[in-house]
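Inside the fold
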Amino acid sequence: MDYVSFATAIKLKQNGFKDPAVKPGQCWANEDGERIRYIGHFTHRSRMSFWGWVFCPNATDILREMRGCSLAFIQGDCWGVFTVGGKKMIGFHPDNPAEACADAWLSLHKPQ
């Protein structure tokens, strides 16, 4: 899977992960968790509203917001996200790099 789950997308949004401008290639989900991948361009006559939809980022989208962190596949076992210099693992997931990145982003942006 290239994108985070709907449940993870909700957690990211609730903890401050910003929705980007809508662009081709992104994945969005409605309030029922139904996901779509936006692949084209809208014209003024055929606009689709993304109001109320939740952005489901991929690993690259999340890493872009965590300057200096890196993603690695660890010993054929799981995906891990590391701080600058690889000194500390701050997120992991057994099979989805986007979920590993979300885990890391959430660990850095916990409510105080």
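Details of the structure are given in the entry above.
This section reports on the structure supplied with the text. Values in this document were obtained by computation on a predicted structure and should not be read as measured data.

1. Quick word on the sheet that holds strand E6 (residues 89-93)
Strand order in the open sheet formed by 3 strands is E4-E5-E6, and the pairing between neighbours is antiparallel. One side of each edge strand has no neighbouring strand; the edge strands of this open sheet are strand E4 (70-74) and E6. On average, each strand axis in the sheet is tilted by 25° relative to the strand beside it, whichever way the strands run. As paired strands, E4 and strand E5 (residues 78-82) are joined by 5 bridges and run antiparallel to one another. Each bridged residue has a counterpart across the sheet, and for Ala72 the counterpart in E5 is Gly80.

2. Considering the packing of aromatic side chains
According to the stated counting rule, one finds 3 aromatic pairs in the structure shown. Their ring planes at 85° and their centres at 5.2 Å tell us that Phe17 and Trp105 sit as a pair that is edge-to-face. Within this pair, whereas Phe17 is found in the loop between helix H1 (6-14) and strand E1 (27-29), its partner Trp105 is found in helix H3 (residues 97-108), the two being separated by 88 residues in sequence. One exposure class covers both Phe17 and Trp105, and it is buried.

Analysis parameters
Residues numbered from 1 in each chain as written. Predicted model: local features only at pLDDT ≥ 70, side-chain atom pairs only at ≥ 80, totals over all residues. Heavy atoms only, no water. Pairing = 2+ DSSP bridges. Helix = DSSP H or I, 4+ residues; strand = E, 2+ residues; numbered from the N terminus. Axes fitted to C-alpha atoms, helices over the stretch in contact; angles between N-to-C directions. Phe/Tyr/Trp six-rings, centres within 6.5 Å; stacked < 30°, edge-to-face > 60°. Buried < 20%, exposed > 50% of the residue type's maximum accessible area, 1.4 Å probe, protein only.

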